[in-house]
Amino acid sequence: MIADDARPRLPRGVRLREDKVRARWVLLAPERIVKVNPIAVEILRLCDGARNLGEIVADLAQRFKADPERIAADVRALLASLAEKKMVET
Amino acid sequence: MSETPPPPEGLLAELTHRCPLACPYCSNPLNLDAPRDEMSTDEWKRIFSQAAELGVLHLHLSGGEPCSRRDLAELVAHAVEVGLYTNLITSGIGLTRDLFDRLVAAGLDHIQLSIQGVDAPQADWIGGYKGGYAKKREVAAWVTAEGLPLTVNAVIHRGNVEDAPRMVDLAVELGARRVEIAHTQYYGWALKNRGKLMPTREQSDRAYAAVEARRAHYLGTVVIDHVAPDYHARYPKACMSGWGRQTMNVSPSGKVLPCHSAEIIPGLVFWNAREKSLADIWSHSPAFEAFRGFEWMQEPCRSCERKAVDFGGCRCQAMALLGDAKACDPICVKSPHHALVDEIAALDSAGAVDGFAPRRYAREPKATEPA
Ligand code: SF4
Ligand code: SF4
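Residues numbered from 1 in each chain as written. Chains lettered and ligands numbered in written order. Predicted model: local features only at pLDDT ≥ 70, side-chain atom pairs only at ≥ 80, totals over all residues. Heavy atoms only, no water.

On to the overall build of chain B, then. Scanning chain B for helices and strands turns up 14 helices and nine strands. Taking 2.2 N^0.38 as the reference for a compact globule, 371 residues should give roughly 21 Å; the C-alpha atoms of chain B span a radius of gyration of 20 Å, in line with that estimate. On the principal axes, the C-alpha backbone points of chain B span a range of 55 × 50 × 45 Å. Taken over 371 residues, chain B has a buried fraction of 58%. In chain B, once contacts between residues fewer than 6 apart in sequence are set aside, the share between residues at least 24 apart is 74%. (Helix = DSSP H or I, 4+ residues; strand = E, 2+ residues; numbered from the N terminus. Rg over C-alpha atoms; globule rule 2.2 N^0.38 Å. Buried < 20%, exposed > 50% of the residue type's maximum accessible area, 1.4 Å probe, protein only. Contact = heavy atoms within 4.5 Å.)

Spelled out as structure tokens, the structure:
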């Protein structure tokens, strides 16, 4: 479980990038290409190692006028699955 | 097929076939490209630009030993500039501290370091290079201190099969974020040395299970990529994720190949990146078109429900073992020739391990290396 005060970030060697040729966004990591949906792009853009989990959720909840509890669940699920693949550091 | 195939995600650039090591399982072709035929810095840069435009995301700089190219840092800088995720596949030999710093400054994304064994005597014997193991440990320390992701890559064969799980532990000790444990695939030099490299079925089963057992233990610590022992499998691998579907290889002299071993298939026509654009080659080169889709298939693949899963296995393996590149890969239990694979594996695993055929140029090339 990722702590509320964790400050997630993309580790060195993991890049979030637009894949213009295929009109999508991807996370590039060693030998891995992960397609990223628009919501995940918004989440990952906030994972800069400065903001903590609470701040990320608050930011998204406000911008998308959504329920913070649901956003928190989405954010945690995404980050947990990427952390297992060593594509996010928390 | 006339419609444009979806663009490739990866490009493997064999910058040079020069290498200070002599691994008996090297996947390079027996007929190595001579140093004097290597492409220039500008030619490689043009290829990287074309690759990015075509839709390539991952660039793998390989060889031979890519550090043998004096322009390596310049090539990395260009690849990064055009937006490619840049991976260096190296033995670590020839990677000086100065070059490492220049590669980092150029924006290199990832380093994949090969390890031949779990200690110096074993590793240096297999790689045929004294002091290699110590040098690799030094390089691994530079990479992790810098914070760059490190992959440790170990090829498994009869000479080190009992140590496969310890290779995973070693990778963790070295601080790797990812480890690739690859049972030898029999192409190029490995095919030539198969009789010295093939483990017994019991050995490879045991090694495979022991590495798998590490997965749960190291979850979140290291990503384990495991390449199964081909000759002991029931179904073939989806070679290259399907011919001409995801990746292309460029040889030191500019030949563009669907896989590194494709030249063993007689009659295939390869186009050269010195003469044509990558986009043109990807879509129209006869060699890429040869085994795209399912039309070329024979039975039992043609009517098999797994044909979109493994694409009939490996064309080069069907060629090497059966003399027919369109045949079902005999690794498959459904192949009428599957018994041959069992026979070869049993026979080849029975002998002694010493006396590998050393990887070297066929005729000593003239000592003129490109500047
Ligand atoms: S496999 Fe060994 S011999 Fe072949 S290029 Fe790599 S380090 Fe060199
Ligand atoms: S018969 Fe062909 S397509 Fe079917 S599993 Fe075997 S190799 Fe794959």
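From this point, the discussion proceeds with the structure in view.
The number of helices and strands found in chain A is three helices and three strands. For a compact globule of 90 residues, the expected C-alpha radius of gyration is about 12 Å, and chain A comes in at 13 Å, within 12% of that figure. The dimensions of chain A, computed from C-alpha atoms along their principal axes, are 35 × 25 × 20 Å. When each of the 90 residues of chain A is scored for burial, the buried share is 39%. If you take every contact in chain A between residues at least 6 apart in sequence, the share linking residues at least 24 apart comes to 51%. Per element, the accessible surface of chain A, about 5000 Å² overall, is 51% carbon and sulfur. A gap of 7 Å separates the mean positions of the 18 positive and 14 negative side-chain charges of chain A. (Areas by Shrake-Rupley, 256 points an atom, 1.4 Å probe, with all protein chains shown as cover. Lys, Arg positive; Asp, Glu negative; His and termini not counted. Charge placed at Lys NZ, Arg CZ, Asp CG, Glu CD.)

Here we take up the site of ligand 2. Around ligand 2 lies a shell formed by B:Tyr235, B:Pro236, B:Pro300, B:Cys301, B:Cys304, B:Arg306, B:Lys307, B:Asp310, B:Gly312, B:Cys328, B:Cys332 and B:Lys334. Residues of the shell around ligand 2, tallied by class, amount to seven nonpolar, one polar and four charged. (Near = heavy atom within 4 Å. Nonpolar A, V, L, I, M, F, W, Y, C, P; charged D, E, K, R; others polar.)

The full count for this structure, using the stated rule, is 35 salt bridges over all chains. Measuring nitrogen to oxygen at the nearest pair gives 2.6 Å for the salt bridge that ties A:Asp4 to A:Arg76. One end of the pair, A:Asp4, is in the segment before strand E1 (15–19); the other, A:Arg76, is in helix H3 (residues 68–84), with 72 residues separating them in the sequence. A:Arg76 gets classed as buried once you look at its relative accessible area, which sits at 19%. A salt bridge links B:Arg97 to B:Asp101; the shortest N-O distance between them is 2.9 Å. In this pair, B:Arg97 and B:Asp101 are both assigned in helix H3 (residues 97–106), four residues apart and thus about one turn of the helix distant. Using a relative accessible area of 38% as the deciding quantity, one classes B:Arg97 as partly exposed. It is possible to trace a salt-bridge network through shared partners that takes in A:Asp19, A:Arg22, A:Arg24 and B:Glu9. (Salt bridge = Lys/Arg side-chain N within 4 Å of Asp/Glu carboxyl O.)

To continue, consider the sheet that holds strand E3 (residues 32–36) of chain A. All names here are of chain A. If you trace the three strands from one edge of the open sheet to the other, you get E1-E2-E3, paired in antiparallel fashion. Every interior strand has two partners, whereas the edge strands, E1 and E3, have only one. Geometrically, the sheet is characterised by an average inter-axis angle of 35° between neighbouring strands, direction not taken into account. The pairing of strand E2 (residues 24–29) with E3 spans five bridges and is antiparallel. Among the inter-strand pairings, tryptophan 25 is bridged to a residue of E3, identified as valine 36. Those strands touched by helix H1 (residues 38–46) are E1, E2 and E3, and its axis lies near 110° from that of E3. (Pairing = 2+ DSSP bridges. Axes fitted to C-alpha atoms, helices over the stretch in contact; angles between N-to-C directions.)

Within a sheet, adjacent strands bond to each other through the backbone by hydrogen bonds, running parallel or antiparallel. Residues and elements named next belong to chain B. What the nine strands build is an open sheet, ordered E7-E6-E5-E4-E3-E2-E1-E8-E9; its pairing is mixed. Since the sheet does not close on itself, it has two edges, and those belong to strand E7 (223–227) and strand E9 (256–257), each with one partner. Relative to E9, strand E8 (residues 247–250) is paired through two bridges, and the arrangement is antiparallel. Bridge assignment links asparagine 249 to a residue of E9, and that residue is leucine 257. Relative to strand E4 (residues 110–115), helix H5 (residues 132–146) is tilted by about 160°, and along the sheet it contacts E4 and strand E5 (150–156).

The subject of this paragraph is the pairing of E2(A). Residues and elements named next belong to chain A. Of all the six residues making up E2, five are buried; the element is thus mostly covered by neighbouring parts of the structure. Two elements, E1 and E2, share five bridges in a ladder whose sense is antiparallel. Bridge pairing in E2 places glutamate 18 opposite tryptophan 25. Counted along the chain from E1 to the antiparallel partner E2, the turn is four residues long, and its residue alanine 23 has a positive phi close to 50°.

Taken together, the contact between chain B and chain A spans 30 residues of the former and 19 residues of the latter. Carbon and sulfur atoms make up 52% of the area that chain B and chain A hide from each other, which totals about 2100 Å². When residues of chain B are sorted by the area they lose upon contact with chain A, B:Leu57, B:Tyr85 and B:Arg177 head the list and together hold 30% of the total. Taken together, chain B and chain A are joined by four salt bridges. Between A:Arg24 and B:Glu9 there is a salt bridge; the shortest N-O distance is 3.6 Å. Only helix H1 (41–54), strand E2 (58–62), strand E3 (85–90), E4 and E7 of chain B provide two or more residues apiece to the side of chain B that touches chain A. Of the residues assigned to the side of chain B that touches chain A, the class counts are 12 nonpolar, 11 polar and seven charged. (Buried area = accessible area lost by both parts, 1.4 Å probe.)

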